[in-house]
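Commentary on secondary and tertiary structure
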Amino acid sequence: MTNRRTFMRASGLLATGVAVTAATSGHARAASPSAALPLLTWHSALANRRYAPAVIAVLGSSSSEGVGASGPGRGFVPVLAENLRAAFPVAGAPGGDNYVAAWGTPRWWPVTGGGTRVNTAGWGLKAVDLAGPEESLTFTFTGTSVQVWHDGTPEIVVDGGTVVVRGPGRIHGFATFDGDEQKGIQVFNGGHGGRTSGDFASRPAAWAPRLRSMQPHLVILQLGINDWRIGVSAAEMKRNLMSIIATVRANTTTDPSFVIYGTPRVGADRRIQDYSRFTEAWQEIAAEDPGGVAYFDLAARQPSPSSDNRHGLYCDDLVHMTDRGAAFTADALAAFLKP
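Below or above, wherever it landed, is the structure these notes cover. (Residues numbered from 1 in each chain as written. Predicted model: local features only at pLDDT ≥ 70, side-chain atom pairs only at ≥ 80, totals over all residues. Heavy atoms only, no water.)

Glancing now at the packing of helix H9 (residues 234-250) against helix H10 (residues 276-288). In contact at an axis separation of 9 Å, H9 and H10 are set at 35° when each is read in the N-to-C sense. In the crossing of H9 with H10, the sense of the turn from one axis to the other is right-handed. Contacts between H9 and H10 involve Ala234, Met237, Lys238, Leu241, Met242 and Ile245 from the former and Arg277, Phe278, Ala281, Trp282, Glu284, Ile285 and Glu288 from the latter. Taken together, the residues of the contact of H9 with H10 break down into 9 nonpolar, no polar and 4 charged. (Axes fitted to C-alpha atoms, helices over the stretch in contact; angles between N-to-C directions. Helix = DSSP H or I, 4+ residues; strand = E, 2+ residues; numbered from the N terminus. Left-handed = near helix turned anticlockwise from the far one by under 90°. Contact = heavy atoms within 4.5 Å. Nonpolar A, V, L, I, M, F, W, Y, C, P; charged D, E, K, R; others polar.)

The structure is reproduced here in structure tokens:
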């Protein structure tokens, strides 16, 4: 275990007041020879993974966060990272967790300690405010280095594979690496249970500044299902996702690829609004931006759990994925992302 305290302090700070570039309305793009190759940026970065990181950023709700899984590492995002690293290995870079928020919805969240939870700051719109040295967070990791993403001036102590952070300060989360600091595949999970497309679209200053250091080559947007469940219109959800895409583009230099994640209809309540309109809206975003946005249709690979959950892909609530369901999704998505 390498104690990278200097690296952590230099790289882990998300300074208060970092500006976020304003996104323009819409997401029109100039025609190019690669207009029919929406995953080209991602595939090119993946080809270069031996010499520089190929970076994935995920913005999503509870499915991305891992609600329903039995423990850390079993949600679809970490299993996707595992699948891609196994399919495209890089010597000396097995890969770390890359990002674990300071708190999470699942009861098994690997960060312990206390403070005030914040829903309006940080990657994934999650942070913890530590009022003073009497409040702390502890995170144990496996790897070669760690960054603590934060505002303020907290005390940070790294002892082997354990990080202890004491206030005062706002702690966003922990980015850990295992040989993948400068090569390999990095996956930064910004999933947050209960979040809607509007939550991210309306608060770009909370999450977009972190894109400057991530510089993702692929952005997966697993958003919209909660909009549908609470009555947000498909048209508004579409506008929100387009705004998020424009914000990402305005705050990166990589010209990232995007994947719109289309989930099957979940839940057993059939009084909710017409789901087909949301599927159409997701598809329209990709169709209107063929050079940068691809549509991942999970619904084409599995039935709606409300009509058929015989294979146990979803929990009893018919909304959140089991370990099997998360692995099923990660396998399908990994196949979709391969060149």
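After presenting the structure, the write-up continues.
A separate point is the pattern of salt bridges. Tallying each qualifying case throughout the model produces 10 salt bridges. In this structure, Asp180 engages Arg85 in a salt bridge whose closest nitrogen and oxygen atoms are separated by 3.7 Å. Note that Asp180 is positioned in the loop between strand E10 (169-177) and strand E11 (185-191) and Arg85 in helix H4 (residues 76-87), a separation of 95 residues in sequence. Exposure class is identical for Asp180 and Arg85. Each is buried. Between Asp129 and Arg170 there is a salt bridge; the shortest N-O distance is 2.6 Å. Residue Asp129 is found in strand E5 (residues 127-130), and its partner Arg170 is found in strand E10; the two are separated by 41 residues along the sequence. Residue Asp129 is classed as partly exposed on the basis of its relative accessible area, which comes to 23%. A single salt-bridge network, built from bridges that share partners, covers Arg195, Asp199 and Arg203. (Salt bridge = Lys/Arg side-chain N within 4 Å of Asp/Glu carboxyl O. Buried < 20%, exposed > 50% of the residue type's maximum accessible area, 1.4 Å probe, protein only.)

Let us look at the environment of Leu313. As for its position among the elements, Leu313 is in the loop between strand E14 (293-297) and helix H11 (323-337). Each C-alpha atom, one on Leu313 and one on Ala326, is 7.5 Å from the other, the two residues being 13 residues apart in sequence. Excluding residues within four positions of it along the chain, Leu313 makes contact with Gln302, Met321, Thr322, Arg324, Gly325 and Phe328.

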